[in-house]
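What follows is the residue order along each chain.
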Number of protein chains: 2
Amino acid sequence: MDYSNMKPQDVVKLIRNGEITHQTSGMCNGYAQANLCILPKEYAFDFLLFCMRNPKPCPILEVGDAGSKLIKKMAKNGNVCTDFPKYRIWKNGVLEKEVTDITEYWQNDFVYFLIGCSFSFESELLEAGVPVRHIEEGKNVPMFNTNIELESAGVFHGNMVVSMRPIPYDMVVKAVNVTASMPRVHGAPVHIGNPELIGIRDSSKPDYGDSVTINDNEVEVFWPCGVTPQNIVMATKPPIAITHSPGHMFITEVKNTALKY
Amino acid sequence: MDYSNMKPQDVVKLIRNGEITHQTSGMCNGYAQANLCILPKEYAFDFLLFCMRNPKPCPILEVGDAGSKLIKKMAKNGNVCTDFPKYRIWKNGVLEKEVTDITEYWQNDFVYFLIGCSFSFESELLEAGVPVRHIEEGKNVPMFNTNIELESAGVFHGNMVVSMRPIPYDMVVKAVNVTASMPRVHGAPVHIGNPELIGIRDSSKPDYGDSVTINDNEVEVFWPCGVTPQNIVMATKPPIAITHSPGHMFITEVKNTALKY
């Protein structure tokens, strides 16, 4: 099934009905995708402030009023409980389970945060002639924990998670330029070329997602990643949190071009 | 005393010592100025979300962790309790008093919000040859309540406040361009030319600040204003809030150029 040219509304309908439960990279070319973090309102101010202080890994796309499941800006009629293919339930910073619908877990004091996703700029990279390896190989993007410490806010603290794409040396500048113009979906890379410098020992063993082929003429390029909140949840241990499963994103009805400078 | 070419540190020292208690327009050319709103943490998430949803009147410059009085980013060593020339204490949406120091009113659950101020771009206007009438006349800028409804967030709701500067017709485009490049200090005007359309009956009678001369060859240009949170506090009636007095701003150590796109 080729989802790349389908409309977000049609793919989200399949996700909502439980017919798609796998990762979403390469789907709905041209439309932004979004990460998720849900927390009780008691934690919402500190988390929103954390995102504002760390806009590269955590660029805010939409935040709900306390108790609201409705996505209004990034889609016409989205439901945060059903419109991601897979969710993770976290208790005290420990992953408890993965589910495909969180309706039964919803609490009236929950606040959802939609955060920009680098899957959004992949169709712009492809259009610019820059290859995207995990799409070529039908995989999820490789993601890594790093030693890049983020600015804390209230109780929230922790390190950045990054996604990696191998880029041919002669296309690195183009990849930087294309992505730098889209800060609301993570923007420019945070590191190019030496994974050890940002605390990654073995780039063939991602902490999340899949390993991909790196060719001889290519360099590893690392972008800030919206899985960062999951790392923050593990570090901060709120009693409950819900996130998407890495790579299993909400496909918005907003075009990438609308999120450019 | 000409404060226009003094350094922020020197003027803030005079403010902190109570030697300046008047309005700050025209001070420290080239440096951004900031509005203030302080609320208990219970209200902080809703208010931060309100600001994010309404970035034109409420562009966030810096937000403190709950209980912190220290300004760290917009100045090296600022104190939110002493570094504004004048403050307003609000109880249940009603202005209770004006003071020049809020140290004795500080609560451990207070969160401060510094919001961009259009005084910041006035030196850029002057440099571009655009006159700024209230500076010429040694007055505070005229500010008005409007009928421009803002997007609510949680308990916070209300209308936009605007500042007005009369601009010669042949300089309006220049004034728009100069200010549009500075969205973190309110950016472009929200209205040009017909005050009644935004609910202003008599532009010689401002709701805050002073009235200024409008010449025959000039049109009234309205910018979003950081007094908006005071209007929101009046509409929402939190048990306690503290703001600056209109026009009595914090002079930051950050240059306007650093806040451009």
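Look above for the structure.
A brief structural summary. (Residues numbered from 1 in each chain as written. Chains lettered and ligands numbered in written order. Predicted model: local features only at pLDDT ≥ 70, side-chain atom pairs only at ≥ 80, totals over all residues. Heavy atoms only, no water.)

Expressed as a screw transformation, the operator carrying chain A onto chain B has a rotation angle of 180° and an axial translation of 0.0 Å, and the superposed copies differ by an RMSD of 0.0 Å. Here the transformation between the copies is reduced to the relation of a two-fold axis. Residue Phe45(A), judged by its C-alpha, is the member of chain A lying nearest the rotation axis, at 2.1 Å. The share of interface residues of chain A whose copies in chain B are also at the interface is 100%, consistent with both copies meeting through the same surface. (Least-squares fit on C-alpha atoms with pLDDT ≥ 70 in both. Contact = heavy atoms within 4.5 Å.)

On to the pairing of strand β5 (residues 87-91) of chain B. All names here are of chain B. Most of β5 is tucked away: four of the five residues are buried. Sheet analysis places β5 next to strand β6 (residues 94-99), joined by five bridges and oriented antiparallel. The residue bridging Lys91 from the neighbouring strand is Val94, located in β6. Counted along the chain from β5 to the antiparallel partner β6, the turn is two residues long, and its residue Asn92 has a positive phi close to 50°. When β5 meets strand β12 (residues 240-244), the two strands line up antiparallel, connected through five bridges. Note on β12: the bridge partner recorded for Ile89 is Ile242. (Buried < 20%, exposed > 50% of the residue type's maximum accessible area, 1.4 Å probe, protein only. Helix = DSSP H or I, 4+ residues; strand = E, 2+ residues; numbered from the N terminus. Pairing = 2+ DSSP bridges.)

Attention now goes to the interface of chain A and chain B. With 19 residues of chain A in contact, the opposing surface of chain B contributes 19 residues. The three residues of chain A that bury the most area against chain B are Phe45(A), Met52(A) and Asp65(A), which together make up 37% of that side's buried surface. Taken together, the links from chain A to chain B amount to six salt bridges. In this structure, Asp46(B) and Lys41(A) form a salt bridge, with 3.4 Å as the shortest nitrogen-oxygen distance. Counting only elements with at least two residues in the side of chain A that touches chain B, the list comes to α2 (41-53), β2 (60-63) and β7 (110-116) of chain A. Per-element tally for the side of chain A that touches chain B: the top contributor is α2(A), with nine residues. For the side of chain A that touches chain B, a count of residues per class yields ten nonpolar, two polar and seven charged. (Buried area = accessible area lost by both parts, 1.4 Å probe. Salt bridge = Lys/Arg side-chain N within 4 Å of Asp/Glu carboxyl O. Nonpolar A, V, L, I, M, F, W, Y, C, P; charged D, E, K, R; others polar.)

Turning our eyes to something else, we now look at the pattern of salt bridges. Taken as a whole, this structure holds 26 salt bridges over all chains when the rule is applied. Residue Glu122(B) is joined to Arg165(B) by a salt bridge in which the shortest nitrogen-to-oxygen separation is 2.8 Å. Here the residue Glu122(B) occupies a position in helix α3 (residues 122-127), and Arg165(B) occupies one in strand β9 (residues 159-168), the gap between them amounting to 43 residues. Each member of the pair Glu122(B) and Arg165(B) is classed as buried. If you follow the salt bridges from partner to partner, you end up with Arg53(A), Glu151(A), Asp65(B) and Lys73(B) in one network.

The next point concerns helix α6 (residues 228-236) of chain B. Residue and element names in this part refer to chain B. Burial runs high along α6: seven of the nine residues are buried. Buried within α6 we find Thr228, Pro229, Gln230, Asn231, Ile232, Val233 and Thr236. Looking one or two places after α6, you find Lys237, whose phi comes out positive at around 60°.

Time to look at the sheet that holds strand β11 (residues 218-224) of chain B. Residues and elements named next belong to chain B. Overall, antiparallel pairing links the four strands, which are arranged β8-β9-β11-β10 in an open sheet. Each edge of the open sheet carries a strand with a single partner, namely β8 (143-149) and β10 (191-192). Strand direction decides the pairing type here: β9 and β11, joined by seven bridges, are antiparallel. Across the sheet, Pro166 pairs through a bridge with Glu220, a residue of β11. Sitting on the sheet, α6 is in contact with β8 and β9, with an inclination near 150° to β9. (Axes fitted to C-alpha atoms, helices over the stretch in contact; angles between N-to-C directions.)

All names here are of chain A. Strand order across the open sheet formed by four strands is β8-β9-β11-β10, with antiparallel pairing between neighbours. If you trace the sheet from one side to the other, it starts and ends with β8 (143-149) and β10 (191-192), each paired once. Each of β8 and β9 (159-168) is contacted by helix α6 (residues 228-236), which is oriented at about 150° to β9, the strand it contacts most.

Further remarks concern the nonpolar core. Phe45(A), Phe113(A), Phe45(B) and Phe113(B) are the most contacted members of the largest nonpolar core, which totals 62 residues. Ignoring sequence-local partners within four residues, the contact set of Phe45(B) consists of Lys41(A), Ala44(A), Phe45(A), Leu48(A), Val63(A), Gly64(A), Val111(A) and Phe113(A). Within the second largest apolar cluster, 48 residues are counted, among which are Tyr3(B), Val12(B), Ile15(B) and Phe121(B). (Core = buried A, V, L, I, M, F, W, Y, C linked by side-chain atoms within 4.5 Å.)

Residue and element names in this part refer to chain B. Relative to the elements of secondary structure, Lys255 occurs in strand β13 (residues 250-255). Classification of Lys255 as partly exposed rests on a relative accessible area of 44%. Distance from Lys255 to Ile167, taken between C-alpha atoms, is 24 Å for residues 88 residues apart in sequence. Once residues within four sequence positions are removed from consideration, Lys255 is found in contact with Gly30 and Tyr31.

Right, let's talk about the packing of aromatic side chains for a bit. Throughout the structure, instances matching the rule amount to 20 aromatic pairs over all chains. Ring geometry for Phe47(A) versus Phe113(A): centroids 4.8 Å apart, planes at 70°, classification edge-to-face. Residue Phe47(A) is located in helix α2, and its partner Phe113(A) is located in strand β7; the two are separated by 66 residues in the primary sequence. Among the aromatic residues, ring-to-ring pairing joins Tyr43(A), Phe47(A), Phe50(A), Phe113(A), Phe156(A) and Phe45(B) into one connected group. (Phe/Tyr/Trp six-rings, centres within 6.5 Å; stacked < 30°, edge-to-face > 60°.)

With 13 residues, α2(A) extends 19 Å from end C-alpha to end C-alpha; this agrees with the ideal 18 Å at 1.5 Å per step. When you tally the buried positions in α2(A), you get ten out of 13 residues, the bulk of the element. (Expected span 1.5 Å × (residues − 1).)

Residue and element names in this part refer to chain B. Mapped onto the fold, Asn231 is located in helix α6. Residue classification places Asn231 among the buried residues on the basis of a relative accessible area of 14%. Apart from residues no more than four positions distant in its own chain, Asn231 is found in contact with Asn145, Asn159, Val161 and Tyr208.

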